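Read off the chains here:
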Amino acid sequence: MSWFGKFAYRWVVFVGIVVVWQLATAAADDPFFPPPSTIANTIYHLWLSGPGSQLFLTDTVYDDVFASIGRILLGWAIAAVIGVAIGVLLGRSRTAMDYVNPLFAFARSVPSPALVPVFLVLLDIGTPAQLATIVFGVVWPILMNTVDGVRSVDPIKEETARAFRLSRGQWLLGVVLPAAAPKIFAGLRVSLSLSLVLMVISELVASRNGIGLQMLIAQRAFDYPAMWAGIVLLGVLGYLFNTVLLMVENRALSWQPERHTGH
Amino acid sequence: MPTMLEVSGLGHTYKTKDGVHNAIGDVSFTVNAGELVCVVGPSGCGKSTLLRTISGLITPTVGEVLLHGDPVRGVPADLAVVFQDYSRSLFPWLSVQRNVEFPLRTRVSARAERRERAREALEWVGLSAAGGKYPWQLSGGMQQRVAIARALASRPSLLLMDEPFASVDAQTRFELEDLLLRVRAEHDSTVLLVTHDIDESVYLGDRVLVLSKSPGSITTDLDVNLPDERDQITTRASSEFVELRSEVARLLHGGEPATRPSPSVPDTAANDRFLAAERAETHSTSDT
Ligand SMILES: Nc1ncnc2c1ncn2[C@@H]1O[C@H](COP(=O)(O)OP(=O)(O)O)[C@@H](O)[C@H]1O
Ligand SMILES: [Mg+2]
């Protein structure tokens, strides 16, 4: 199949549903369900009709959309650093995990959104509280997957590393992390999707800007096309994040037989 | 010839959940520089434990290991190990070239020199063309050659090999045995190799140390008086070879050392039983 053929094949169902949705909503003429064409038009006016000096993006893209994206990526990155660092430490220690496991099991069971009020009291309304919500919510899949991956390092590789007198740093960076990388990436992917969810929830509760806040404002003003535009934007962002991370993952793990392409 | 390795009164006991397990009893021997010494013993008699203590990977419960006269505490810098399980000891995320290069970081700081040494070591084992491949893209025998190259690249004064050819098919094993003989002749390496394969120990060794059943201890130190030039067909067919392997088989079976040089009269029936048992074991444990 040609490149275009493959592309069309993968997207045909999606396009079909959009067409049906368009016809159905146009026929129903319900203000709560605007047709996709209206949503597309709203998207254009809301975000893509800015001046050339701003790359045709409107102010709200800079003030709200980028603020939200920044929170997702920053929160996720902080969680990744914390999760991998603690995960490696705990995974390499035989007993440490036994001690903290009950604590972790409890902490993981607390839904992160439930902590938003706590973070609001402790931290500033806005970015700090939102970052705390995201980090607390998404650190667990990364941490637990890292522990798992680090524990699964083959004892023979450990013996090999010792036989070659690798330093602690060479052992951790050159053996433990690569061996755990497939598991770590699995955790990172779950966490990235979760970051998006927690970003929206935290912005719906307490925020001075962001995609979530703008959707809330639109909903309260009965501006349903703008609300739907926000939903579409979140879908697009989630899709893009996942696609980019998958590309990075496929590159980083290209040594795996099942991912290997050419040579 | 100067003494390279001196093992005296070595014994090791593992502490396990359900008590203690005495893996090696009382082992003493020396290896001279330039020698290839084979230790042969049945599965589970403590061969791997012996190599682990000699390499400093574990500290023996009793006894002492001296390398160049210095006591071994921790893995010495000029020692390299080849493990049986190449697929688990190679790093799958590194290319063949990088696998050989990576451990050199501890001793060679210049990247260019590491690359050159790895390239050279791969050439020694006939894998110059495979440097860019990943280990899983190679056959088992080729993977073990990568592991051998990795060990040789550090130019160790003592090479330890733990049943290095036990996980490959017979044809490949012969090739790898000859490769080892060629490489050690070219580089004048000192090698201590453990195996449960009687024929292999006789074919490869300048000397064969026979280990008793668990807890292993050395019952005999046998000189292999075969010519240095060995050949899979003619050497194995020679009467000296056949006699030696019968002698080793008899000793493994608990026989007393023959008073040499009078040629031993092998107990053929016992030999055959032992060899058959060993073969069965080799097949059932070849993937462990
Ligand atoms: N880490 C260990 N802990 C406890 N027992 C062990 C350990 N490693 C090996 N053993 C036991 O010690 C004995 C000798 O093992 P090993 O040295 O691997 O023998 P071989 O290599 O000759 O097959 C075996 O009975 C084995 O079960
Ligand atoms: Mg063994």
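Sequence order sets the numbering: in each chain, residues are counted from 1 along the sequence as written. Written order determines the labels here, with chains lettered from A and ligands numbered from 1. pLDDT decides what is reported in this predicted model: residues at 70 or higher carry local features, side-chain atom pairs at 80 or more are listed and counted, and totals for whole chains, interfaces and linings draw on all residues regardless. Think of the side-chain values as coming from all heavy atoms in the structure, minus any hydrogens and water.

### Some details on the UniProt feature "domain: ABC transporter" (unreviewed entry) in chain B
Applicable threshold: UniProt positions are given in the numbering used here, feature names are shortened, and annotations may be inferred rather than shown by experiment. A run of DSSP states H or I qualifies as a helix once it reaches four residues; a run of E qualifies as a strand once it reaches two. Both are numbered from the N-terminal end.
Annotation from UniProt places "domain: ABC transporter" (unreviewed entry) at residues 5–238 of chain B. For the annotated span residues 5–238 of chain B, helix accounts for 32% and strand for 27% of the residues, and the straight-line distance between the end C-alpha atoms is 31 Å.

### Let's talk about a negative patch on the surface
Rule in force here: Patch membership is restricted to residues that have no salt bridge and whose relative accessible area is over 30%. Joining uses 9 Å for like charges and 5 Å for the nonpolar side chains Val, Leu, Ile, Met, Phe, Trp and Tyr. Computed with a 1.4 Å probe, the accessible areas rest on the Shrake-Rupley method; for each residue, only the protein chains presented here act as cover. In what follows, salt bridge is the name for a side-chain nitrogen of Lys or Arg lying within 4 Å of a carboxyl oxygen of Asp or Glu. When charges are counted, Lys and Arg contribute as positive and Asp and Glu as negative, whereas His and the chain ends are disregarded. We put the charge of a Lys on NZ, of an Arg on CZ, of an Asp on CG and of a Glu on CD. Relative accessible area decides the class of each residue, using a 1.4 Å probe on protein chains only: under 20% of the type maximum gives buried, over 50% gives exposed, and in between gives partly exposed.
A grouping of D169, E175, D178, D228, E229 and D231 of chain B is seen on the molecular surface, where their side chains present a negatively charged patch. Owing to a relative accessible area of 47%, D169 of chain B belongs among the partly exposed residues under this scheme.

### Quick look at the sheet that holds strand β4 (residues 62–67) of chain B
All names here are of chain B. As a reminder of what qualifies: Here, a strand pair is defined by DSSP locating no fewer than two bridges between the strands. Contacts are assigned to residue pairs that have any heavy atoms within 4.5 Å of one another. Lines fitted to the C-alpha atoms define the axes, with helices restricted to the stretch that makes contact. Angles between their N-to-C directions range from 0 to 180 degrees.
Read across the open sheet, the 4 strands follow the order β2-β1-β4-β5; overall the sheet is antiparallel. The open sheet terminates on both sides in strands that have one partner only, identified here as β2 (19–32) and β5 (70–71). Across the sheet, helix α1 (residues 47–54) touches β1 (3–16), β2 and β4, and the angle it forms with β1 is around 120°.

### Things to note about the sheet that holds strand β10 (residues 218–223) of chain B
In a beta sheet, neighbouring strands pair by backbone hydrogen bonds and run either parallel or antiparallel. Residue and element names in this part refer to chain B. An order of β6-β7-β8-β3-β9-β10 is seen for the 6 strands of this open sheet, with the pairing classed as mixed. With one partner strand each, in any of the chains shown, β6 (79–82) and β10 form the two edges of the open sheet. Taken over all neighbouring pairs, the strand axes of this sheet differ in orientation by 15° on average, direction set aside. Sheet topology note: the β6/strand β7 (residues 158–162) ladder contains 4 bridges and is parallel. Residue pairing in the sheet places V81 in a bridge with L160 of β7.

### Considering the packing of aromatic side chains
Note the threshold: Between the rings of Phe, Tyr and Trp (Trp by its six-membered ring), a pair exists once the centres lie within 6.5 Å; its type follows the angle of the planes, with under 30 degrees stacked, over 60 edge-to-face, and the other angles tilted.
Going through the model one piece at a time under the given rule, you end up with 17 aromatic pairs over all chains. Relative to Y224 of chain A, the ring of F32 of chain A lies with its centre 4.8 Å away and its plane at 70°, an arrangement referred to as edge-to-face. You can see F32 of chain A sitting in the loop between α1 (3–28) and α2 (36–47) and its partner Y224 of chain A sitting in helix α10 (residues 224–252), a full 192 residues away along the chain. In this structure F32 of chain A comes out as partly exposed when scored by relative accessible area, which is 33%. Look at F91 of chain B and F102 of chain B: their rings are 5.8 Å apart centre to centre, the planes differ by 85°, and that puts the pair in the edge-to-face class. Of this pair, F91 of chain B sits in the loop between α2 (86–89) and α3 (96–101) while F102 of chain B sits in the loop between α3 and α4 (111–124), and the two are 11 residues apart along the sequence.

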